[in-house]
Amino acid sequence: ENWNFNTTWSHTFSDDSQLEVDGYYTGYHRDDPIFGETRHTLDLEFQHRFHPWTQHDIVWGGAFRHSQADTNGSQFLSLNPASRNTQTYSAFLQDEISLTDELHLILGTKIEHNEFTGIEVQPNVRMRWSPTDKQTLWAAVSRAVRTPSVSEDDIRIRSVGAPGPTEIVFTRYGNQNFKSEDLLATELGYRI
């Protein structure tokens, strides 16, 4: 059983300033004898684009996500704790600078706070050159992060080994010291 609600509101202040606000609420309930879950998630985002100077196109914004999960596991699969609330906050800023009509430098970063690894910074530097309306060459360097999930932190898996007179039971636990996966990406591209 699932339910969703999405809404978007946007406003144009002028040709050089636009604001957009997005929100959604989603929930689901899964009743399963091995692992059941009821989850509610609220997500709010906004972004504002404006041109403070002729050569600059700035976009900035933020987001908030709250998720509440109640689980009922079994002897084979469970989360500990069985109920958990998590929040994630983020903010971003990007400035596209027109060095010439054809050459653009894009500088940006996203800063996120999550409950598993704390603060994560994800910067991005990009150069774009469009010698004609139909050709674009670009190069970029950026840092991306995948943060751990609740299951990687809280999971408990119990399995039975070789059958016989002496039963062997294996239990695996999530890792509360799990770190974010970190990627330094480089791009070079051409579009025609």
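Residues numbered from 1 in each chain as written. Predicted model: local features only at pLDDT ≥ 70, side-chain atom pairs only at ≥ 80, totals over all residues. Heavy atoms only, no water.

**Student:** Just checking my understanding: could you explain the overall build of the protein for this structure?
**Tutor:** Summing up its helical and strand segments, the protein has one helix and twelve strands in all. Traced from its N-terminal end to its C-terminal end, the protein shows the element sequence β-β-β-β-β-β-β-β-β-α-β-β-β. Relative to a compact globule of 192 residues, whose C-alpha radius of gyration would be 16 Å, the protein shows 23 Å and is clearly more extended. With respect to the principal axes defined by its C-alpha atoms, the protein has extents near 80 × 35 × 30 Å. Residue pairs at least 24 apart in sequence account for 48% of intrachain contacts in the protein once pairs closer than 6 positions are excluded. Taking the 16 positively charged and 27 negatively charged side chains of the protein as two groups, their mean positions are separated by 7 Å. (Helix = DSSP H or I, 4+ residues; strand = E, 2+ residues; numbered from the N terminus. Rg over C-alpha atoms; globule rule 2.2 N^0.38 Å. Contact = heavy atoms within 4.5 Å. Lys, Arg positive; Asp, Glu negative; His and termini not counted. Charge placed at Lys NZ, Arg CZ, Asp CG, Glu CD.)

**Student:** It is not clear to me how unusual backbone geometry should be interpreted in this structure. Could you clarify?
**Tutor:** Peptide bonds are, in most cases, trans, and in most cases residues other than glycine have a negative phi. Following Asn80, the chain continues to Pro81 via a peptide bond in cis, the omega torsion being 10 degrees. With respect to the secondary-structure elements, Pro81 resides in the loop between strand S5 (77-79) and strand S6 (83-98).

**Student:** What exactly am I supposed to notice about the pairing of strand S8 (residues 118-132) here?
**Tutor:** The two faces of the sheet receive side chains in turn, since in a regular strand these alternate between them. As paired strands, strand S7 (residues 103-114) and S8 are joined by twelve bridges and run antiparallel to one another. Residue pairing for S8: Leu107 is matched across the bridge by Val125. When S8 meets strand S9 (residues 135-146), the two strands line up antiparallel, connected through seven bridges. Bridge pairing in S9 links Asn124 to Ser142. (Pairing = 2+ DSSP bridges.)

**Student:** Please explain the packing of aromatic side chains as it appears in this structure.
**Tutor:** Two descriptors summarise a pair of aromatic rings, namely the distance from one centre to the other and the angle between the planes of the rings. Tallying each qualifying case throughout the model produces two aromatic pairs. Between Phe46 and Trp60, the ring centres sit 5.2 Å apart and the planes meet at 85 degrees, which makes this aromatic pair edge-to-face. Residue Phe46 is found in strand S3 (residues 35-50), and its partner Trp60 is found in strand S4 (residues 56-73); the two are separated by 14 residues along the sequence. Measuring from centroid to centroid gives 5.3 Å for Phe64 and Tyr89, while their planes differ by 40 degrees, and the two rings are tilted. Here the residue Phe64 occupies a position in strand S4, and Tyr89 occupies one in strand S6, the gap between them amounting to 25 residues. (Phe/Tyr/Trp six-rings, centres within 6.5 Å; stacked < 30°, edge-to-face > 60°.)

**Student:** What should I look at first to understand the environment of Gly36 in this one?
**Tutor:** As for its placement among the helices and strands, Gly36 is situated in strand S3. Along the sequence, Gly36 and Arg172 sit 136 residues apart, while their C-alpha atoms lie 19 Å from each other. Those residues within four positions of Gly36 in sequence are excluded, and the remaining contacts are Arg30, Asp70, Thr71 and Asn72.

**Student:** Quick question: what am I supposed to make of the pairing of S4 here?
**Tutor:** Pairing of S3 with S4 involves 16 bridges; the strand directions are antiparallel. Following the sheet pairing, Leu44 is matched in S4 by Phe64. Adjacent in sequence and paired antiparallel, S3 and S4 are bridged by five residues.

**Student:** What am I meant to see in the pattern of salt bridges here?
**Tutor:** Note on pairing: side chains with opposite charge can pair once their charged atoms come close. If you walk through the whole model with that rule in mind, you get nine salt bridges. Between Glu37 and Arg39 there is a salt bridge, with its nearest N and O atoms 2.7 Å apart. A relative accessible area of 7% means that Glu37 is categorised as buried. Within the structure, one salt-bridge network assembled from shared partners comprises Glu120, Arg143 and Asp182. (Salt bridge = Lys/Arg side-chain N within 4 Å of Asp/Glu carboxyl O. Buried < 20%, exposed > 50% of the residue type's maximum accessible area, 1.4 Å probe, protein only.)

**Student:** Teacher, can you tell me more about the side chain of Thr136 here?
**Tutor:** Inspection of the secondary structure puts Thr136 in strand S9. Given a relative accessible area of 12%, Thr136 falls into the buried group. A distance of 3.2 Å separates the side chain of Thr136 from the side chain of Ser130, its partner in a polar contact. Ignoring anything within four residues of it in the chain, the contact list for Thr136 reads Arg128, Trp129, Ser130, Gly189, Tyr190 and Arg191. (Polar contact = N/O pair within 3.5 Å; in protein donor to acceptor, adjacent residues only side chain to side chain.)

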